[in-house]
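Now for the letters of each chain:
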Amino acid sequence: MNVHQYERYWLIAALVLIVAIIATVTYGAVGIGIAMIDDSEETVDPDALGEHERFSETGTHQVGENEYEVNVIAWQFSYEPGGSPDPPIEVPAGSEVTFYVTSEDVIHSFSVVGTNVNTMVIPGEVATMTVEFDEATEYGLLCNEYCGELHHDMEGEIIVHPEEEFDLFEIPAVDAPEQVDAGEEAEITVTLANERHQERSTTLAFEFDGDEQREDVTVDGESTEEVTFTVDTTDLEDDDYSWSVTVEDGMERTVDESGQLTVGEPEED
Ligand code: CUA
């Protein structure tokens, strides 16, 4: 068959274009590490996140020397943690952080402003992303998927703290009597947990009837310390008194517990 020379050129050009298009699409899909959400991912029950192993413990958890996991629930119209009324997401600088994000209602996104961290968050699915945070700074968090009336208000914050200021203190238990007889001493024992892998120091503040007692504590990595505060009721009238205990950490975060102590005979109802 005799094909005209120009026609042959055009056929070759068309073939080259077809191959180039297929190569471009293939590279875009698999070559630059953009992951698509697929059925092989872990699934969760969006109505039972409170019982889920990971999402019942939202927030930052240390899993290796410089490795952290942050579990986040997106909801109409905020992030827990990350957006109000929850505190911001907090991680230390120089860390590798894996975010696990799910939604309890509709489709949202988890997009860290000014970075390439941007994922759709689908109820029933867990979006996973690993990010390295080198420097102490702050990032905004935005929802890029239209999710309802207040979609434009759905925002949050990630604070990257200097490594030496980053603490993960919790108060898992306070052992306190509910009642003491007038003139007796009441002992309030606070358990302070350090959830970082490194040893950390802090100050516990115990307040009772307007008086504050402070105690410096050092807790080994991944362990707890008990601190006992004593209240002398000699000069107190029979009444109900409230107490609170607060831990100060390098991030000015407040972790507190409070309760009541009845001095004297409990009032009859
Ligand atoms: Cu959530 Cu838009």
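Remember, predicted model here, so these are calculated numbers, not experimental data.

Considering the pairing of strand β7 (residues 118–121)
Burial along β7 is one-sided: the residues T119 and V121 are buried and none of N118 and M120 is. When strand β6 (residues 108–112) meets β7, the two strands line up antiparallel, connected through 4 bridges. Note that in β7 the partner of H108 across the bridge is V121. Count of turn residues in the β6/β7 antiparallel hairpin: 5 residues, of which G114 carries a positive phi of about 85°.

Some details on unusual backbone geometry
In this structure, the amide linkage connecting Q76 to the following residue, F77, adopts the cis form with an omega of 10°. Among the structural elements, F77 can be located in the loop between β2 (67–75) and β3 (78–80). Residue P81 follows E80 across a cis peptide bond; omega there is -10°. The residue P81 is located in the loop between β3 and β4 (89–92) in this model.

Side note on the pattern of salt bridges
Here the structure, examined in full by the defined rule, presents 5 salt bridges. The salt bridge partner of R54 is E69, with a shortest N-O separation of 3.2 Å. Highlighted residues: R54 in the loop between α1 (5–31) and β1 (59–62) and E69 in strand β2, separated in sequence by 15 residues. One network of salt bridges, with partners in common, ties together E212, R214 and E248.

Observations regarding the nonpolar core
In a soluble, globular protein the nonpolar side chains are often hidden away together inside. Among the nonpolar cores identified, the biggest contains 26 residues, and Y79, I89, V91, F99, F110, F133 and I158 are the most heavily contacted of them. When residues of this core are traced back to their parent elements, those giving at least two are β2, β4, β5 (95–103), β6, β8 (127–133) and β10 (155–161). Looking at this core, the element that brings in the most residues is β2, giving 4 residues. Leave out the neighbours within four places in its chain, and I89 touches V70, V72, P81, G82, F99, F110, L141, E157, I158 and I159. F169, V180, V255 and L261 belong to the second largest nonpolar core, which has 23 residues in total.

Observations regarding the domain arrangement of the protein
Domain annotation for the protein reports domain 1 (34–163) and domain 2 (169–263). For domain 1 and domain 2, the distance between their C-alpha centroids amounts to 32 Å. Between domain 1 and domain 2, a total of about 620 Å² is buried, with carbon and sulfur atoms accounting for 37% of that surface. The largest contributions to the domain 1 side of the interface with domain 2 come from Q62, E90 and E163, which together make up 63% of the buried area. Applying the counting rule to domain 1 against domain 2 returns 1 salt bridge. Salt-bridge contacts for R196 lead to E163; the nearest nitrogen and oxygen are separated by 2.6 Å. Linking domain 1 with domain 2 are 5 residue pairs in polar contact (both at pLDDT 80 or more). Taken together, the residues that form the side of domain 1 that touches domain 2 break down as 2 nonpolar, 3 polar and 3 charged.

Structural notes on the environment of F133
Note that F133 resides in strand β8. Taking the C-alpha atoms as reference, F133 lies 52 Å from E184; in sequence the two are 51 residues apart. Apart from the residues within four sequence positions on either side, F133 is in contact with V91, P92, A93, G94, S95, V97, F99, Y139, I158 and V160.

Rules behind the numbers
- Residues numbered from 1 in each chain as written.
- Predicted model: local features only at pLDDT ≥ 70, side-chain atom pairs only at ≥ 80, totals over all residues.
- Heavy atoms only, no water.
- Buried < 20%, exposed > 50% of the residue type's maximum accessible area, 1.4 Å probe, protein only.
- Helix = DSSP H or I, 4+ residues; strand = E, 2+ residues; numbered from the N terminus.
- Pairing = 2+ DSSP bridges.
- Salt bridge = Lys/Arg side-chain N within 4 Å of Asp/Glu carboxyl O.
- Core = buried A, V, L, I, M, F, W, Y, C linked by side-chain atoms within 4.5 Å.
- Contact = heavy atoms within 4.5 Å.
- Domains from an automatic or database assignment.
- Buried area = accessible area lost by both parts, 1.4 Å probe.
- Polar contact = N/O pair within 3.5 Å; in protein donor to acceptor, adjacent residues only side chain to side chain.
- Nonpolar A, V, L, I, M, F, W, Y, C, P; charged D, E, K, R; others polar.

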